[in-house]
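Per-entry structural report
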Amino acid sequence: MFPHDVIPAGPVVLRPLAPTDAEAIVRACSDPEIVHFLPLIPVPYTRDDALEYMERCREEWQTGGAPFAIADAVTGEWLGNIGLMARPRGGIEIGYLVAPWARGRGVATAATAALSAWGFGHGVARVELFANVENLASQRVALAAGFRHEGVRRGAEEQRDGTRHDLVGFARLRGDSGERVAPFLPEFPGGSLTDGVVRLRRLTAADTADYLALQNVPDVVKHSVPPEPPTFEEAEERCRTAGANWLAGRGAEVAILDAETGAFAGDIQLSGVIPPLGQAMTGYSVRPEFRGRGFASRAVDLLVGWAFEYTPLARIIAGTSPGNVASQRVLERAGFTREALLRGMLPGPGGTRLDDLQWSRLRDDARR
């Protein structure tokens, strides 16, 4: 069993829960975001629920857990809960909840880092952390607290509506430095990129309908790999997991917007990221009503410019069908150079194979 310590954690302190915390816990657990990402908490959440939670915490201390309140280091005000939980498979998992009024102050990161270090000092070898695939704030906390991304547990968490969502897994070992893990692909500065005509931002679940409609445009289907449209479920999955994939460094799924109206004009990706080579691939599609206005070239130039300025990538490649002259002109305007024709590179309809015309733009090209 762990000792009942009080743990300093920078701007906060981790201390035992007290009956006087109940009202604050009730207020916090009425927050829509907490309700959404913690499907097991009762709705509505009452004082009795808070007191029952505290009783379970007292029991956890006897079964290998270590639950704490996160409190302001000066005033002692309750700001959240955090704890180490023993799991049947023998591992230790960390979980936390931060009140809405305490967010944006580094509270969760400070508490997670401090409690993990405290656990390592009491014999723990590995601490695991799981976050809902759409809970990007929690995933950022994990990285900032020195946890490394390990993978995705598919359908691991049941939601209130009976559906099951993926959980993104992170872990920190006793021998890890605990320093912040910097994402290979940082987020756009300020959340978006714009040149005044187009605006790029991360694809989200709210884009599903627009994204699916775009992927069903006949000429978009024709030049897709493979050349068939996604199902609704596939489109929803791609949009819903875009943020988690971005943080994991697997790729950037980006919506192209009309900068003036905010309308969804298309999508662009940075995919096939190979960190040791410093290489990634881009691809794009634009809705028919927005074509002929340079949206695709502008989007490619913005995305590639961001990649060369904010990531270690040194080479961005793209592929086009030999007959897709419009897409080739997009790449030429965006500073790409034609490299080679790869025969039978791509899967086509009916088991056929299609040629792929390869293009590239290098970091040095951008400097020139």
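Read on for an overview of the structure.

The rules behind these values
- Residues numbered from 1 in each chain as written.
- Predicted model: local features only at pLDDT ≥ 70, side-chain atom pairs only at ≥ 80, totals over all residues.
- Heavy atoms only, no water.
- Pairing = 2+ DSSP bridges.
- Helix = DSSP H or I, 4+ residues; strand = E, 2+ residues; numbered from the N terminus.
- Axes fitted to C-alpha atoms, helices over the stretch in contact; angles between N-to-C directions.
- Contact = heavy atoms within 4.5 Å.
- Patch = residues over 30% accessible without salt bridge, like charges linked within 9 Å, V, L, I, M, F, W, Y side chains within 5 Å.
- Areas by Shrake-Rupley, 256 points an atom, 1.4 Å probe, with all protein chains shown as cover.
- Salt bridge = Lys/Arg side-chain N within 4 Å of Asp/Glu carboxyl O.
- Lys, Arg positive; Asp, Glu negative; His and termini not counted.
- Charge placed at Lys NZ, Arg CZ, Asp CG, Glu CD.
- Parallel < 35°, antiparallel > 145°, perpendicular 65-115°, else oblique.
- Left-handed = near helix turned anticlockwise from the far one by under 90°.
- Nonpolar A, V, L, I, M, F, W, Y, C, P; charged D, E, K, R; others polar.
- Buried < 20%, exposed > 50% of the residue type's maximum accessible area, 1.4 Å probe, protein only.
- Polar contact = N/O pair within 3.5 Å; in protein donor to acceptor, adjacent residues only side chain to side chain.
- Core = buried A, V, L, I, M, F, W, Y, C linked by side-chain atoms within 4.5 Å.
- Phe/Tyr/Trp six-rings, centres within 6.5 Å; stacked < 30°, edge-to-face > 60°.
- Lys NZ or Arg CZ within 6 Å of the ring centre and 35° of its normal.

A few points about the sheet that holds strand 9 (residues 192-194)
- Ordered by their spatial adjacency, 8 strands build an open sheet running 9-10-11-12-13-14-16-15, and the pairing between neighbours is mixed. Whereas interior strands pair on both sides, the edge strands pair on one side only; in this sheet they are strand 9 and strand 15 (337-347). Taken over all neighbouring pairs, the strand axes of this sheet differ in orientation by 25 degrees on average, direction set aside.
- In the sheet, strand 15 pairs with strand 16 (residues 353-362) via 7 bridges, with the strands oriented antiparallel. Looking across to strand 16, one finds that Leu-341 is bridged to Leu-357.
- Most of the contacts of helix 6 (residues 208-215) go to strand 12 (residues 264-274), to which it runs at about 85 degrees, and overall it touches strand 12 and strand 13 (279-286).

Notes on a negative patch on the surface
- On the surface, Glu-228, Glu-233, Glu-234 and Glu-236 cluster together into a negatively charged patch.
- Within the fold, Glu-233 resides in helix 8 (residues 232-240).

Considerations on the environment of Ala-66
- Structurally, Ala-66 can be placed in strand 3 (residues 66-72).
- Between the alpha carbons of Ala-66 and Leu-212 there is a distance of 46 Å; along the sequence they are 146 residues apart.

Topic: the packing of helix 6 against helix 8
- The N-to-C vectors of helix 6 and helix 8 enclose an angle of 125 degrees; their axes lie 9 Å apart at closest approach. When the axis of helix 6 is compared with that of helix 8, the two are oblique. Pair helix 6 / helix 8 crosses with right-handed handedness. Facing Thr-208, Tyr-211 and Leu-212 of helix 6, the residues of helix 8 in contact are Phe-232, Ala-235, Glu-236, Arg-238 and Cys-239.
- For the contact of helix 6 with helix 8, a count of residues per class yields 5 nonpolar, 1 polar and 2 charged.

Some thoughts on the sheet that holds strand 1 (residues 7-9)
- Taken in spatial order, the 8 strands make up an open sheet running 1-2-3-4-5-6-8-7, and their pairing is mixed. Two strands close off the open sheet at either side, each with one partner strand: strand 1 and strand 7 (148-158). Across the sheet, the axes of successive neighbouring strands diverge by a mean angle of 30 degrees, strand direction being ignored.
- As paired strands, strand 1 and strand 2 (residues 12-15) are joined by 3 bridges and run antiparallel to one another. Following the sheet pairing, Ile-7 is matched in strand 2 by Leu-14.
- Running over the sheet, helix 4 (residues 107-120) touches strand 1, strand 2, strand 3, strand 4 (78-86), strand 5 (92-98), strand 6 (126-132) and strand 8 (164-173) and is turned about 35 degrees from strand 4.

What to know about the side chain of Thr-311
- Tracing the sequence through the fold places Thr-311 in the loop between helix 10 (295-310) and strand 14 (315-320).
- Judged by its relative accessible area of 7%, Thr-311 is buried.
- A polar side-chain atom of Thr-311 sits 2.6 Å from the main-chain carbonyl oxygen of Ala-307.
- In this view, Thr-311 contacts Phe-184, Leu-185, Pro-186, Trp-306 and Arg-363; residues no more than four positions away in its chain are not counted.

Focus: the nonpolar core
- Phe-68, Ile-70, Ile-82 and Leu-115 are the most contacted members of the largest nonpolar core, which totals 37 residues.
- At 7 residues, the largest contribution of residues to this core is made by helix 4.
- If near-sequence neighbours (up to four positions away) are discounted, Leu-115 is found in contact with Ile-7, Leu-14, Ala-66, Phe-68, Ile-82, Gly-83, Leu-84 and Ile-94.
- One finds Leu-185, Leu-200, Val-273 and Phe-290 within the second-largest nonpolar core, a separate group that totals 36 residues.

Some thoughts on the side chain of Ser-116
- Summarising the element assignment, Ser-116 is placed in helix 4.
- Within the structure, the side chain of Ser-116 is placed 2.8 Å from the backbone oxygen of Thr-112, a separation counted as a polar contact.
- Once you skip the residues sitting within four places of it in the chain, Ser-116 turns out to touch Ile-94, Val-127, Phe-147 and Arg-172.

Focus: the packing of aromatic side chains
- For the structure shown, the criterion picks out 7 aromatic pairs.
- Geometrically, the ring pair formed by Phe-188 and Trp-246 is edge-to-face, given 5.0 Å between the ring centres and 85 degrees between the ring planes. In this pair, Phe-188 sits in the loop between strand 8 and strand 9 while Trp-246 sits in helix 9 (residues 242-247), placing the two residues 58 residues apart along the sequence.
- Taking the relative accessible area as the measure of exposure, Phe-188 reaches 4% and is therefore buried.
- Among the aromatic residues, those joined into a ring-pair cluster are Trp-61, Phe-68 and Trp-118.
- Cation over ring: Arg-153 sits above Phe-130, and NZ or CZ is 4.7 Å from the ring centre.

In short, geometric facts, not functional conclusions.
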